[in-house]
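# Descriptive analysis of the structure
What follows is the residue order along each chain.
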Amino acid sequence: MNDDLTIHHDAVLFFGDRDDGVIGLPGLTHDGHVIEISYFFGLTRPKNIIVISSQVGCPLGCSFCELDGFVRNLTARELHDQARLMIGEAFRYGFDPTGTPHKVTVADSGEPLLNPFLVSGLESLRDLPVSFKVSTVLPAARAAWRNLERLADFAAGYERPVQLQISLISTSEERRLRSCRGRIAGFDRVREAGELWRSRNPRGRQVNLSLIVTDDMPCEAARVVRIFPPELFRFRFREYVPTRHGAAAGHVAVSPERLRRIKRDFASRGYQVGDWASPSPVERRFGLAANTIRRMYLEAIGFSRKD
Ligand code: SF4
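Right, let's walk through the structure included here. (Residues numbered from 1 in each chain as written. Predicted model: local features only at pLDDT ≥ 70, side-chain atom pairs only at ≥ 80, totals over all residues.)

Let's shift gears to the overall build of the chain. In terms of regular secondary structure, the chain is built from 9 helices and 11 strands. Expected size for 307 residues packed as a compact globule is a radius of gyration near 19 Å; at 18 Å, the chain falls within 12% of this value. In terms of overall dimensions, the chain has a C-alpha envelope of 55 × 40 × 35 Å along the principal axes. Across the 307 residues that make up the chain, the buried fraction comes to 44%. Across the chain, the fraction of contacts at a sequence separation of at least 24, relative to all contacts at a separation of at least 6, is 76%. (Helix = DSSP H or I, 4+ residues; strand = E, 2+ residues; numbered from the N terminus. Rg over C-alpha atoms; globule rule 2.2 N^0.38 Å. Buried ≥ 20, exposed ≤ 12 C-beta atoms within 10 Å, placed from the backbone. Contact = placed C-beta atoms within 7 Å.)

Listed below in structure tokens is the structure:
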């Protein structure tokens, strides 16, 4: 245990092998909560990825997510210490996250744009040779928009790529809006986010729009090509990995044929389409959606710790 860090752990979950693997750390906060930190590596990934959490719990309650309820924001120091904790663990398994290109993604527990310490947390990781990705559903709250502006300014001044990913969920706006209990932005506001990102960060990449591809989720390029032009946005297709809440909400995994059709449809409209977001064989085998590692840990300890 590293006593200098504000986040600790007493278990490590290792899945797969060096060619396709995941290290999961249930991160323990000083006030007894459990968050998820994970590390994805393997031959098919362009970079190894450290995934950290932004909040304890989450206020948005998306239907496909494992998390329940909101407790608090993680501080900038706690954001920093999650990455440091995982780097220490990765070293133990023979990886060197400080010597090879790595990405830190803010995507596990919580909604990053609702955390006012997000940008100061990323600033505190500046000394690592990493790129960043922030994954958001884009809440409707004004505080989230102000945080997005701060993030865009940070990205413009950062020496390595900072990727913004918005979980659009569906190409049906109505389906998107009813997928979360909390208020999230409609399509017009998502488009404005793409314009803001481009205007403040003109050399940056397009904004990723991520679709949760289930067997019944509307995913049709014709519905969105006018509002989300390929110059500003690219689409990311993440096959739904079954979760408990997702099963209760009736989500069903997509068939390979439907997924192929959806990708062809988006490519024919000029969108950049790739397989970089597809779950790896190990992620599929162990059902590793965000926060399932945290759930496995809580089940192993009999839910005796506050979550
Ligand atoms: S998917 Fe993300 S935004 Fe939605 S409830 Fe889960 S952690 Fe929160």
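Across the sheet, 9 strands lie side by side as β1-β2-β3-β4-β7-β8-β9-β10-β11; this open sheet has mixed pairing. Among the strands making up the open sheet, the edge pair consists of β1 (13-17) and β11 (233-239). Averaged over all pairs of adjacent strands, the angle between their axes in this sheet comes to 20°, without regard to strand direction. Pairing between strand β7 (residues 102-106) and strand β8 (residues 130-136): 5 bridges, direction parallel. Its bridge partner being in β8, lysine 103 is matched across the sheet by serine 131. Here helix α7 (residues 256-268) sits on the sheet in contact with β10 (207-213) and β11, set at roughly 180° to β11. (Pairing = 2+ DSSP bridges. Axes fitted to C-alpha atoms, helices over the stretch in contact; angles between N-to-C directions.)

Next up on the list: helix α9 (residues 292-300). Among all positions in α9, only Thr292, Ile293, Arg294, Arg295 and Tyr297 are buried. Backbone geometry just after α9 places glycine 302 at a positive phi near 70°.

With that settled, the discussion passes to the site of the ligand. Around the ligand, the structure places Cys58, Leu60, Gly61, Cys62, Cys65, Leu67, Ser109, Gly110, Glu111, Val137 and Cys180. Partitioned by chemical class, the residues of the shell around the ligand number 7 nonpolar, 3 polar and 1 charged. (Near = placed C-beta within 6 Å. Nonpolar A, V, L, I, M, F, W, Y, C, P; charged D, E, K, R; others polar.)

This paragraph deals with the environment of leucine 209. As for its position among the elements, leucine 209 is in strand β10. For leucine 209, a count of 24 C-beta atoms within 10 Å puts it in the buried group. Ignoring any residue separated from it by four or fewer positions in sequence, one finds leucine 209 in contact with Ile166, Leu168, Phe228, Phe233, Phe235 and Arg236.

This part covers unusual backbone geometry. Despite not being glycine, leucine 138 shows a phi value in the positive range, around 60°. Examined against the element boundaries, leucine 138 turns out to sit in the loop between β8 and α3 (142-157). A positive phi angle is found at isoleucine 169, which is not glycine, with a value near 75°.

With that out of the way, let us pick up the packing of α3 against helix α5 (residues 187-200). Here α3 crosses α5 at 30°, and the two axes come no closer than 9 Å. For the element pair α3 and α5, the recorded crossing hand is right-handed. In this structure, α3 contributes Leu148, Glu149, Ala152, Asp153 and Ala156 to the contact, and α5 contributes Ala193, Leu196, Trp197 and Arg200. Tallied by class, the residues present in the contact of α3 with α5 amount to 6 nonpolar, no polar and 3 charged. (Left-handed = near helix turned anticlockwise from the far one by under 90°.)

Moving on: the pairing of β10. In terms of burial, β10 is largely enclosed, as 6 of its 7 residues are buried. When strand β9 (residues 162-169) meets β10, the two strands line up parallel, connected through 4 bridges. In the strand pairing of β10, serine 167 is matched with serine 210. Where β10 and β11 come together, 7 bridges link them in parallel fashion. Bridge pairing in β11 places valine 213 opposite glutamate 239.

So, on to the nonpolar core. General note: in soluble globular proteins, nonpolar side chains tend to be found buried as a group. Grouped together as the largest cluster of nonpolar side chains are 81 residues, with contacts concentrated most on Ile50, Ile52, Leu138, Leu151, Ile166, Leu211 and Val213. Excluding residues within four positions of it along the chain, leucine 151 makes contact with Leu118, Val119 and Val134. (Core = buried A, V, L, I, M, F, W, Y, C linked by C-beta atoms within 7 Å.)

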